[in-house]
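Each chain, written out:
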Amino acid sequence: MFEARLTQGKIFKQLIEALKDLVQDANIDCSEDELSIQAMDSSHVSLVQVNLQAGGFDHFRCDRTISLGFNSTNMSKILKCAGNDDVITLKAEDTADALTLMFESPGQDRIADFELKLMDIDAEPLGIPDTEYQCTIRMPSGEFQRIIRDLQVLGDTCVISCTKEGVRFSVSGDLGTGNVLLRNNAAEKEEDQVIIEMEEPVELTFALRYLNFFTKATSLGGSVILSMSPEVPVVVEYPIEEFGHIKYYLAPKIDDDA
Amino acid sequence: MSSKDSQEGKPFVAMVDCRPRTEDNAARSIVPSSLLDIKDPCTGEKRQYLTTKSKKRKPSVFEIQSLPHPRSDDYSAFFVQSRVISNPHMHMVTPVDPLYLLLPYFTSQEKWQPFDQLIQSKQIPSEQLDCLDMKQLKHLFEVNDAYGDDLILYRFSKEKTLTWLQKKLNKVQEFLKAQFLLKQQRKAVDERNTGGAFNSTFNLGGSDDIAQEEKKECDDVQCKIDKDDERQIKYFAVQILCEYLGNFWRKEFLKAQAMDDSILGLKKSTKAKSETQSKEVKPEVTSTLSTSSSSDNQLFSNPGMSEADKLMHYTMGSGESNTEEQKTKKRKEAPKSAGLKSLSKVNTKGMKSMTSFFSTKPKAKKAK
């Protein structure tokens with residue numbers, strides 16, 4: 001038996017919204033102390049990983065580990081029926097083939113429940129080791145979203161280079177080129193800060209369309225953390241309050257012939 | 001029905017019109033047969049004919065007609081015992097009088113000469129003559145044995161040939177009349193015994209008992225051929241016969257019949273058409289006849305076919321409703337957001353798969 005009640009139902013709504021453009025089907029893996037999702041896009045060049053600690057829920061009960069396979073588009077359709085202030089409760093029997101989603105309005109005067117049919121998804125999760133990255137950039141998530149959106153006008157790929165000077169996002173396309181440079185900024189508000197930690201300069205190229213879909217998670221948190229090392233996937237992490245995160249991994253473009 | 005290999009080695013399926021001729025009745029084995037290139041008596045161009053050789057009976061020549069598949073030229077095959085023959089054409093094999101095949105070589109009366117000398121001068125292929133019964137020659141040639149049995153002389157005779165053609169015509173006419181009458185009688189019987197599901201042209205070839213029974217049943221129904229029908233039948237018989245005659249002989253034959261070329265251009269009446277169809281599925285009585293190749297397709301341009309077509313399409317799973325159903329089913333199976341669709345168009349060249357960076361471990365320790 002799995003049951004999880006989330007007062008801030010909005011978070012779950014936004015999480016699924018942040019997934020649905022990247023992955024078609026995924027498993028919600030529930031264990032005693034956390035709820036996690038890991039899935040790759042159809043091309044397998046990016047990976048999304050969600051983690052919500054049990055402590056973040058009002059009520060969290062999971063008798064035994066369970067995998068709930070769902071279609072993200074269908075899940076998103078059901079979650080559209082939930083209000084932003086609703087309390088969302090997820091329920092599933094151990095051998096269930098459906099996930100019950102219950103939406104309670106803040107005044108408890110409206111209770112809706114939906115059942116989403118589940119499916120068997122045969123996907124073994126990838127083991128992602130804890131690694132030290134050469135560069136870590138923390139910046140306002142809104143700023144990152146804006147940069148990506150702006151650069152997408154000019155081209156399909158962007159170069160992210162992290163140097164002493166700061167972090168530079170560059171694009172070059174048919175109609176011209178564009179550069180955005182962000183410098184360290186120790187603002188008063190934590191959310192406005194740009195903090196660059198760098199051991200060695202790193203320069204990597206990425207497909208902008210993927211980065212753009214990562215920014216769908218912007219509403220989940222005020223800041224985003226980019227972690228980069230040469231020739232390994234970039235990590236775009238959106239911390240979810242104090243109890244979880246959504247992390248996107250994207251393989252860099254390595255042009256042998258360019 | 002039997003399957004045979006042509007000279008190119010490509011097998012084909014042929015429906016044999018006259019079973020007793022190709023099968024040795026006592027042994028129930030198929031008489032060896034081969035394909036021959038012989039001049040078509042009508043066009044003068046060479047085409048393939050089937051010949052059979054048997055010690056017990058005289059060899060015969062068969063005309064081959066290919067019927068295209070009514071629906072598909074590309075995707076059809078026949079199952080013959082444990083073999084699959086992927087040739088979309090069905091071939092009709094009908095016996096033809098070998099004398100017709102000799103006609104293109106002779107036009108006018110010539111001098112007396114021995115037969116060997118005759119065929120040498122005309123360059124008639126010897127294989128073609130193998131199928132010929134020497135007794136038949138008296139239909140076309142004047143025979144002179146004045147010099148004894150060792151030296152029999154032949155002289156081609158136009159008059160004899162035309163007389164022979166007239167006999168042939170009479171036979172065809174007789175056959176067509178009999179068919180016409182039978183059809184009329186059946187129609188009458190059908191009307192009396194309602195609920196008959198047989199086509200009026202349906203006939204079980206070669207089974208005389210059934211034909212006799214049927215005849216008994218039909219006997220009490222009196223049918224007559226009026227003058228108009230008789231004329232139609234004659235026209236049709238002449239048309240059939242002319243398909244085996246070259247330009248020269250067609251003109252001579254029509255002149256003898258007091259007809260002109262226009263009769264051949266006449267659009268066949270519907271009556272004649274139905275006759276054609278019935279002949280296609282019947283063993284021939286006169287043995288020399290075959291239907292016109294131009295009328296072959298009429299068998300399939302039947303108005304009732306469209307319904308059968310639809311049914312066939314449906315059962316073969318190519319019906320429209322079926323594909324639509326499949327489409328919606330597919331759509332239901334994998335809903336995709338607009339984002340997913342646009343993502344699939346991204347150029348991922350130079351990007352490695354995630355599995356090349358991270359290995360599959362059953363339980364991974366999550367970062368932070």
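In this report, the structure presented in the accompanying data block is examined. (Residues numbered from 1 in each chain as written. Chains lettered and ligands numbered in written order. Predicted model: local features only at pLDDT ≥ 70, side-chain atom pairs only at ≥ 80, totals over all residues. Heavy atoms only, no water.)

Details of the pattern of salt bridges
Residues and elements named next belong to chain B. For the coordinates displayed, the defined rule picks out 16 salt bridges over all chains. Close ionic contact of Glu-252 with Lys-158 constitutes a salt bridge, the shortest N to O distance being 3.5 Å. A residue pair is termed long-range when its members are at least 10 positions apart, and Glu-252 in helix α8 (residues 247-256) and Lys-158 in helix α5 (residues 158-192) qualify at 94 residues. (Salt bridge = Lys/Arg side-chain N within 4 Å of Asp/Glu carboxyl O. Helix = DSSP H or I, 4+ residues; strand = E, 2+ residues; numbered from the N terminus.)

Describing the interface of chain A and chain B
Between chain A and chain B, the residue contacts involve 44 residues of the former and 29 residues of the latter. Interface area, chain A with chain B, both sides summed: about 3,200 Å², of which 60% is carbon and sulfur. The largest share of the area that chain A buries against chain B comes from Gln-24, Leu-126 and Arg-209 of chain A, three residues that together contribute 16% of it. In this structure, the connection of chain A to chain B is made through zero salt bridges. Across the side of chain A that touches chain B, the residue classes tally to 19 nonpolar, 12 polar and 13 charged. With two bridges joining them, strand β10 (residues 126-127) of chain A and strand β14 (residues 359-360) of chain B adopt antiparallel strand pairing. When the bridges of β14 of chain B are listed, Gly-127 of chain A appears paired with Ser-359 of chain B. (Contact = heavy atoms within 4.5 Å. Buried area = accessible area lost by both parts, 1.4 Å probe. Nonpolar A, V, L, I, M, F, W, Y, C, P; charged D, E, K, R; others polar. Pairing = 2+ DSSP bridges.)

Re helix α3 (residues 141-151) of chain A
An α-helical turn contains 3.6 residues, so any two residues separated by three or four positions project in the same direction. Listed in full, the buried residues belonging to α3 of chain A are Ser-141, Phe-144, Ile-147, Ile-148 and Leu-151 of chain A. The arc that holds the buried residues of α3 of chain A, viewed along the axis, is 125°, so those residues lie on one side. (Buried < 20%, exposed > 50% of the residue type's maximum accessible area, 1.4 Å probe, protein only. Arc of directions from axis to C-beta.)

A word on the sheet that holds strand β12 (residues 141-144) of chain B
Residues and elements named next belong to chain B. Pairing within the open sheet is antiparallel, and its three strands lie in the order β11-β13-β12. Among the strands making up the open sheet, the edge pair consists of β11 (113-114) and β12. Here β12 runs beside strand β13 (residues 153-156); their pairing, made up of four bridges, is antiparallel. Paired with Phe-141 across the two strands is Phe-156, which belongs to β13.

Remarks on the layout of surface pockets
A probe matching the size of a water molecule, rolled over the atoms, marks out where space remains unfilled. For the largest pocket, the calculated volume is near 870 Å³. Around the largest pocket, the lining comprises 41 residues; the ones closest to its centre are Asn-27, Asp-29, Gln-38, Ile-121 and Ala-123 of chain A. Those elements that place two or more of their residues in the lining of the largest pocket are β2 (25-30), β3 (34-40) and β6 (66-71) of chain A together with α13 (338-343) of chain B. Broken down by element, the lining of the largest pocket gets its largest block of residues, six residues, from β3 of chain A. In terms of residue class, the lining of the largest pocket is built from 20 nonpolar, 10 polar and 11 charged. (1 Å grid on protein atoms, 1.4 Å probe; cavity = no way out; pocket = protein on both sides within 12 Å on 5 of 7 lines; lining within 4 Å. Points joined across faces, edges and corners; volume = space filled by probe spheres on them.)

Overview of the packing of aromatic side chains
Each aromatic ring pair is characterised by the separation of its centres together with the angle its planes make. All names here are of chain B. On inspection of all chains with the given rule, the structure shows 17 aromatic pairs over all chains. When the ring of Phe-115 is compared with that of Phe-141, the centres are 6.4 Å apart and the planes differ by 90°; the resulting orientation is edge-to-face. Of this pair, Phe-115 sits in helix α3 (residues 115-122) while Phe-141 is found in strand β12, placing the two residues 26 residues apart along the sequence. Phe-141 carries the same exposure label as Phe-115, and that label is buried. Through a chain of ring-to-ring contacts, three or more aromatic side chains come together here, namely Phe-106, Phe-115, Phe-141, Tyr-154, Phe-156, Phe-248 and Trp-249. (Phe/Tyr/Trp six-rings, centres within 6.5 Å; stacked < 30°, edge-to-face > 60°.)

Some remarks on the side chain of Thr-161 of chain B
Within the secondary structure, Thr-161 of chain B sits in helix α5. Given a relative accessible area of 0%, Thr-161 of chain B falls into the buried group.

As for a positive patch on the surface
A cluster of basic residues, Arg-209 of chain A together with Lys-336, Lys-341 and Lys-345 of chain B, forms a positive patch at the surface. Tracing the backbone shows Lys-336 of chain B in the loop between α12 (320-333) and α13. Judged by its relative accessible area of 37%, Lys-336 of chain B is partly exposed. (Patch = residues over 30% accessible without salt bridge, like charges linked within 9 Å, V, L, I, M, F, W, Y side chains within 5 Å. Areas by Shrake-Rupley, 256 points an atom, 1.4 Å probe, with all protein chains shown as cover. Lys, Arg positive; Asp, Glu negative; His and termini not counted. Charge placed at Lys NZ, Arg CZ, Asp CG, Glu CD.)

Things to note about unusual backbone geometry
Residues and elements named next belong to chain A. In this structure, His-44 is a non-glycine residue whose phi angle is positive, near 65°. Looking at the element boundaries, His-44 is found in the loop between β3 and β4 (46-53). The phi dihedral of Glu-241 falls on the positive side, at around 45°, and the residue is not glycine. Its location among the elements puts Glu-241 in the loop between β18 (234-240) and β19 (244-250). Of the residues examined, Glu-241 reaches a relative accessible area of 42% and is grouped as partly exposed.

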